[in-house]
Amino acid sequence: MALLKIRTYPDPILKQIAQPVVSFDAEHQKLFDDMIETMYVEDGVGLAAPQVGVSKQIMIVSPESKRGEEYVIVNPNISDLRGREVGAEGCLSLPGLSANIARAKKLILSYQDRNGHPHEMEVRDFFARVIQHELDHLNGLLMLDRVSFSDRQVLLREYQPA
Ligand code: NI
């Protein structure tokens, strides 16, 4: 496995819309494994492919932050969003920043696993928050795009990229 370099704001790849994954070949299997390794080494609970310079619809999520209990989520779609809760989030692409973001408390997630098999599950609370955060990355959105204009200015003043 190889560690991947984390792209940080304002890297333009973070603004791109990620492309669907159509192949689950060896090259993608290696990418999934490298993303998993990179996420744990960077102490993240989620990592989206654009954050490692690959504009594809892939996210790794480990809400309990436990090795071996991560989800490889490919071509995700969310529906039936319920409730709303404001909570603090961080992002490996915005090192050092924390922002309060409103997210749905509960949703239905459909996705393909690393072998291309389809799944659907209900997720809630912190797991749902991580999914919504990572899905934003696949849609070219960062936490900066989820806060008010004035909060964005405050965050950008605090921001000191690595
Ligand atoms: Ni992030």
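For the structure itself, consult the block above.
Residues numbered from 1 in each chain as written. Predicted model: local features only at pLDDT ≥ 70, side-chain atom pairs only at ≥ 80, totals over all residues. Heavy atoms only, no water.

Participant: Please clarify how the coordination of the nickel ion should be interpreted in this entry.
Facilitator: For a metal bound by four donors in tetrahedral geometry, the ideal donor-metal-donor angle is 109.5 degrees, whereas six donors in octahedral geometry ideally sit at 90 or 180 degrees. Every protein donor of the nickel ion is listed here as C91 (SG), H133 (NE2) and H137 (NE2), and their distances to the metal cover 2.1 to 2.3 Å. Sequence spacing among the residues donating to the nickel ion works out to C-x41-H-x3-H. Here C91 is found in the loop between β4 (85–90) and β5 (98–103), whereas its partner H133 is found in helix α2 (residues 125–138), with 42 residues between them in sequence. We note that C91, like H133, is buried. (Donors = N, O, S within 2.8 Å, 3.2 Å for Na, K, Ca; no water. Helix = DSSP H or I, 4+ residues; strand = E, 2+ residues; numbered from the N terminus. Buried < 20%, exposed > 50% of the residue type's maximum accessible area, 1.4 Å probe, protein only.)

Participant: Looking at this structure, I do not really get the packing of aromatic side chains. What am I missing?
Facilitator: Given two aromatic rings, one states the distance between the centres and the angle between the planes to describe the pair. According to the stated counting rule, one finds two aromatic pairs in the structure shown. Ring centres of Y9 and Y159 lie 5.8 Å apart, and the angle between their planes is 65°; this geometry places the pair in the edge-to-face category. Of this pair, Y9 sits in the segment before α1 (26–41) while Y159 is found in the segment after α3 (149–158), placing the two residues 150 residues apart along the sequence. Exposure class is identical for Y9 and Y159. Each is buried. With a centroid separation of 5.2 Å and an interplanar angle of 45°, the aromatic rings of Y71 and F127 are classed as tilted. Taken together, the residues Y71 in strand β3 (residues 71–82) and F127 in helix α2 connect sequence positions 56 residues apart. Among the residues examined, Y71 registers a relative accessible area of 29% and is labelled partly exposed. Its relative accessible area of 15% is what places F127 among the buried residues. (Phe/Tyr/Trp six-rings, centres within 6.5 Å; stacked < 30°, edge-to-face > 60°.)

Participant: Got a minute to help me understand the nonpolar core in this structure?
Facilitator: Grouped burial of nonpolar side chains is what soluble globular proteins tend to show. Counting 16 residues, the largest nonpolar core has M59, V61, I73, L109, V123 and I131 as its most contacted members. At the level of secondary structure, the elements contributing two or more residues to this core comprise β2 (58–61), β6 (106–112), β7 (118–124) and α2. Considering every element that reaches this core, the biggest residue donor is α2, with six residues. Sequence-distant contacts of V61, that is, excluding residues within four places in its chain, are made with V45, G46, E69, E70, Y71, I73, F127, V130, I131 and E134. Core analysis: the second largest hydrophobic core is formed by 15 residues, I6, M35, Y40 and V52 among them. (Core = buried A, V, L, I, M, F, W, Y, C linked by side-chain atoms within 4.5 Å. Contact = heavy atoms within 4.5 Å.)

Participant: In this structure, what is going on with α2? I would like to understand it.
Facilitator: Because each turn of an α-helix spans 3.6 residues, side chains separated by three or four positions in sequence point in the same direction. In this model α2 runs 20 Å from its N-terminal to its C-terminal C-alpha over 14 residues, within 8% of the 20 Å that 1.5 Å per residue would give. Looking one or two residues past α2, G140 carries a phi angle of roughly 75°, positive in sign. (Expected span 1.5 Å × (residues − 1).)

Participant: What is the right way to look at the pattern of salt bridges in this model?
Facilitator: Once their charged atoms are close, side chains differing in charge can pair, the charge on each being opposite to the other. Taken as a whole and assessed by the stated rule, the structure comprises 14 salt bridges. Of the charged contacts, one joins D145 and K15 as a salt bridge, the two residues approaching to 3.5 Å between their closest N and O atoms. Of this pair, D145 sits in the loop between α2 and α3 while K15 is found in the segment before α1, placing the two residues 130 residues apart along the sequence. Classification of K15 by relative accessible area gives partly exposed; the value is 48%. Between D136 and R103 there is a salt bridge, with its nearest N and O atoms 2.9 Å apart. Taken together, the positions of D136 in helix α2 and R103 in strand β5 put the pair 33 residues apart, joining distant regions of the chain. (Salt bridge = Lys/Arg side-chain N within 4 Å of Asp/Glu carboxyl O.)

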